[in-house]
Amino acid sequence: MNHFWKEGSLARYGAFRLATAVLVLVGSMTLLCCLTLIVPGDPATILLGPRATPEAAALLREQMGLNLPLYERVALFFANALRGDLGVDVINGRPVAAMVFAALPNTILLAVSAIGLAVLIGIPIGCYAAVRQGSLLDQGLAVVSVGLVATPSYVVAITLLYCFSVRLGWFPVLGAGDPGNFVDQLHHLVLPTIALAVGWIGYIARLVRSSLLEVLNEPYIRTARAYGQPERRIVMKYALKLACIPTVAILGVGIGELMGGALFVEIIFNRPGLGSLIFDAIRNRNYPIVQGGILVVVSIFVLVNLLVDFSYAWLDPRVRENLGRAGGGA
Amino acid sequence: MNRETLVEIKNLSVDFSTAKGALHVLRDVSLSIPRNRVVGLVGESGSGKSTLALALLGLLPDNTGEVSGRIELDGENLLDVPPEELRRLRGGRIAMIFQDPMTSLNPVFSIGTQLVDAQRNRHPQLGRRELLKRADEMLKRVGISNPEARLAAYPHQLSGGMRQRVMIAMALLCEPDILIADEPTTALDVTIEAQIVRLLDDLRADFSGSIVLVSHSLGLISELCDEVAVMYAGKVVESAPTKILFGNPRHPYTLALLACEIDPEDEPGEALVTIKGGLPDLIDVPKGCIFAARCPSRFGKCVEEPPLCEVEAGHKSACWLA
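Reading the values: rules and limits
- Residues numbered from 1 in each chain as written.
- Chains lettered and ligands numbered in written order.
- Predicted model: local features only at pLDDT ≥ 70, side-chain atom pairs only at ≥ 80, totals over all residues.
- Heavy atoms only, no water.
- Helix = DSSP H or I, 4+ residues; strand = E, 2+ residues; numbered from the N terminus.
- Buried < 20%, exposed > 50% of the residue type's maximum accessible area, 1.4 Å probe, protein only.
- Areas by Shrake-Rupley, 256 points an atom, 1.4 Å probe, with all protein chains shown as cover.
- Pairing = 2+ DSSP bridges.
- Contact = heavy atoms within 4.5 Å.
- Axes fitted to C-alpha atoms, helices over the stretch in contact; angles between N-to-C directions.
- Right-handed = clockwise from strand over helix to strand, strands pointing away.
- Disulfide = S-S within 2.5 Å.
- Expected span 1.5 Å × (residues − 1).
- Bend = angle between axes of the 7 residues up to and from the residue.
- Buried area = accessible area lost by both parts, 1.4 Å probe.
- Salt bridge = Lys/Arg side-chain N within 4 Å of Asp/Glu carboxyl O.
- Polar contact = N/O pair within 3.5 Å; in protein donor to acceptor, adjacent residues only side chain to side chain.
- Patch = residues over 30% accessible without salt bridge, like charges linked within 9 Å, V, L, I, M, F, W, Y side chains within 5 Å.
- pLDDT = per-residue confidence, 0-100.

Counting its secondary structure elements, chain A contains 13 helices and zero strands. Each principal axis of the C-alpha atoms in chain A carries an extent, and together these give about 85 × 65 × 35 Å. Taking all 330 residues of chain A together, the buried fraction comes to 44%. Split by element, the accessible area of chain A, about 16800 Å² in all, is 68% carbon and sulfur.

Residues and elements named next belong to chain B. Read from one edge to the other, the open sheet built from four strands follows the order β2-β1-β4-β5, with strand pairing classed as antiparallel. Since the sheet does not close on itself, it has two edges, and those belong to β2 (21–34) and β5 (76–77), each with one partner. Judged from the 10 bridges that link them, strand β1 (residues 5–18) and β2 form a sheet pairing that is antiparallel. For valine 7, the partnering residue across the bridge sits in β2 and is isoleucine 33. Packing of helix α1 (residues 49–57) onto the sheet brings it into contact with β1, β2 and β4 (64–73), and relative to β1 it is tilted by some 115 degrees.

Residues and elements named next belong to chain B. Strand order across the open sheet formed by eight strands is β6-β7-β8-β3-β9-β10-β12-β11, with mixed pairing between neighbours. Two strands close off the open sheet at either side, each with one partner strand: β6 (94–97) and β11 (309–312). The sheet shows a mean angle of 25 degrees between the axes of neighbouring strands, taken without regard to direction. By the bridge criterion, five bridges tie strand β7 (residues 178–182) to strand β8 (residues 210–215) in an arrangement that is parallel. By the bridge assignment for β8, aspartate 182 is matched with valine 214.

Looking now at the pairing of β8(B). All names here are of chain B. Counting buried positions along β8 yields six of six residues, so the element is predominantly enclosed. Neither face of β8 is open: one carries Ser210, Val212 and Val214, the other Ile211, Leu213 and Ser215, and all of them are buried. With five bridges joining them, strand β3 (residues 38–42) and β8 adopt parallel strand pairing. Within β8, the residue paired with valine 39 across the bridge is valine 212. The β-α-β motif built from β7, the intervening helix α7 (residues 190–206) and the parallel element β8 has right-handed crossover chirality.

Moving on, we come to the state of the cysteines. All chains considered together, the criterion is met by zero disulfides over all chains. Looking at Cys127(A), it has no disulfide partner, and the nearest cysteine sulfur is the one in Cys244(A), 7.3 Å off. Note on Cys127(A): relative accessible area 7%, which makes it buried. Cysteine Cys309(B) shares no disulfide, and the gap to the nearest cysteine sulfur, in Cys319(B), comes to 11 Å.

All names here are of chain A. In a regular helix each residue adds 1.5 Å, so 15 residues correspond to 21 Å; helix α6 (residues 136–150) covers 22 Å between its end C-alpha atoms and thus fits that length. Of all the bends in α6, the greatest, near 25 degrees, is centred on alanine 142. Regarding α6, the residues found buried are Asp138, Leu141 and Ser145.

Tallying the contact residues gives 29 residues for chain B and 21 residues for chain A. Note on chain B versus chain A: buried area summed over both sides is about 2200 Å², and carbon and sulfur give 60% of it. On the chain B side of the contact with chain A, Val108(B), Phe109(B) and Asp117(B) bury the most area, a combined 24% of that side's loss. Counting across the chain B and chain A interface gives two salt bridges. At the boundary of chain B with chain A, the tally comes to 11 residue pairs in polar contact (both at pLDDT 80 or more).

Right, let's get into a nonpolar patch on the surface. A grouping of Tyr162(A), Val166(A), Val173(A) and Leu174(A) is seen on the molecular surface, where their side chains present a nonpolar patch of about 350 Å² in accessible area. Note on placement: Tyr162(A) falls in helix α7 (residues 153–167).

Another aspect to go through is the pattern of salt bridges. All names here are of chain B. As enumerated under the stated definition, the model contains 24 salt bridges over all chains in all. Among the salt bridges present, the one from arginine 134 reaches glutamate 175, with a minimum N-O distance of 2.5 Å. Of this pair, arginine 134 sits in helix α4 (residues 128–141) while glutamate 175 sits in the loop between α6 (160–173) and β7; the two residues are 41 residues apart in sequence, bridging distant segments of the chain. The class for glutamate 175 is partly exposed, based on a relative accessible area of 37%. Among the charged side chains, a network of salt bridges with common partners joins Glu4, Arg35, Asp74, Arg93 and Asp177.

All names here are of chain B. Positive phi outside glycine occurs at asparagine 36, with the angle close to 60 degrees. Assignment of secondary structure puts asparagine 36 in the loop between β2 and β3. Note on asparagine 36: relative accessible area 44%, which makes it partly exposed.

All names here are of chain B. Of the residues in chain B, 96% have a pLDDT of 70 or more, and the chain-wide mean is 88. The secondary-structure element of chain B with the lowest mean pLDDT is α7, recorded at 84, while helix α3 (residues 111–119) shows the highest, at 94. For this predicted complex, the interface score ipTM comes out at 0.85, alongside a pTM of 0.77.

Right, here's the structure in full:
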């Protein structure tokens, strides 16, 4: 074995994590196929309407593969998915993969800008609140953040939409903007981003504040002080790196919630995206789109968690070794 | 050798604010630390010796209440020095070795980075490469083999004894005038403790500053220190050159401490000697001699507080009997 695979190496850790990621994907898709059995409403009758002939319904069921046993459906789905084929839209016959990947950039843009905004504002506020403990900002943050965290993104979305689009007319009401016009797209992105990010700003700020306060009380910070290191270096270098670890962990878990929040925000702002795509598909029992869409969402979730675990290991050398030794886990 | 004073602590009192009221952690402490000597601070837990060490460093905890008196470093009162200037003194003229090497180093930065940053106050003009080179040499001096690899390592990859050597290297890299070592061996295994004591003893020879060694172990103090101050309940009760103190202790508390040391010639099964009673209440401090309640030789006069008086040249004791 060369050094690349030695115990404690990131590569070895990565291989184990990739294997678990594949397991998660297979598991979640199997569950999804089960759901199509449990959820009331036969897709064929919903699609064809109540007056469809039994023959037509049976034909459609066969086309959708609903008459196959569960394991065959899952196997078939993955066999096709590996070739990049996620099936076709039952209603208009368009390939699902194309529809999902057309919607994906909008959702990713929304999620990334929301997380970016939350991190960019949340971390400095948290740092400031920790360093100036008991200041007006610190006390204000305590009150406001609890309120913000508890407010669902769709409530924020509706409020923002009413105030800034309907009343003040500063921002466009609906859509994602002209595809060729970047400025127009940004303009359309502002309110949905804020709606999605607001709760996270408060959450991240609180998290950074509390973990920073905890870290600042550690003996090794006292060591840094005992050697006269400037307070800025102590907070921004020595303490923040450790204080970021819980924040990063929360972000990873939070991606799922963020995707859920994005769905509401997309519906309210009538933005094209994965959220609205899946939402419409569920209403129509358009299972290929639901499956394809969820597969992509779960993949993103798994991928982000993978990234988070890696950055965790990158931030903390102790984790790096333990995870490598334990052969994955986590 | 004539005794030249480097640090003069005059009537230092420190209170900690607590929910129950002001805790008088240090009361009217006066102590002089001579240049190029090793001074031991000895006393049981809660005697205020660690607080005294932190006060020297200007790093008293957040809940510190009233502080009065003077800590003079070359005549300048450290209690009046503005925070920013005091910060430059730390890691410059004053450095500290902490008790627990397991938690005193930052777990997510390499030893090299931490040793480099610790020197920045002392050598602001040097770059990272030069500072690393100095760190490399110093690690060799404190007995760490393969220093290059250790500089790249993280604290958790080093043993406790090794980490304490790193802490000692960190302190020495600052070439301080005064080095404070707060129970530097307490958290270590006995065998490692012996190694660290030997290292400190070796380094003492070519270290040009003063050392304040805080410890509850009289053995360690007698081995390493030129002078000793015995602390009890926030006061210095006796101070003297080491030989005099151990040969002719004049305070009943010092006598009691010496009696508590485990004598290897004692028969097994013989009861360990302890000092009866506990530390007095430091919020509502009793009047008179602070040790009276536990003192076997107290008498009528002990209701008055005895001053710390010179009983012979260089030997002070705060006892009416001394």
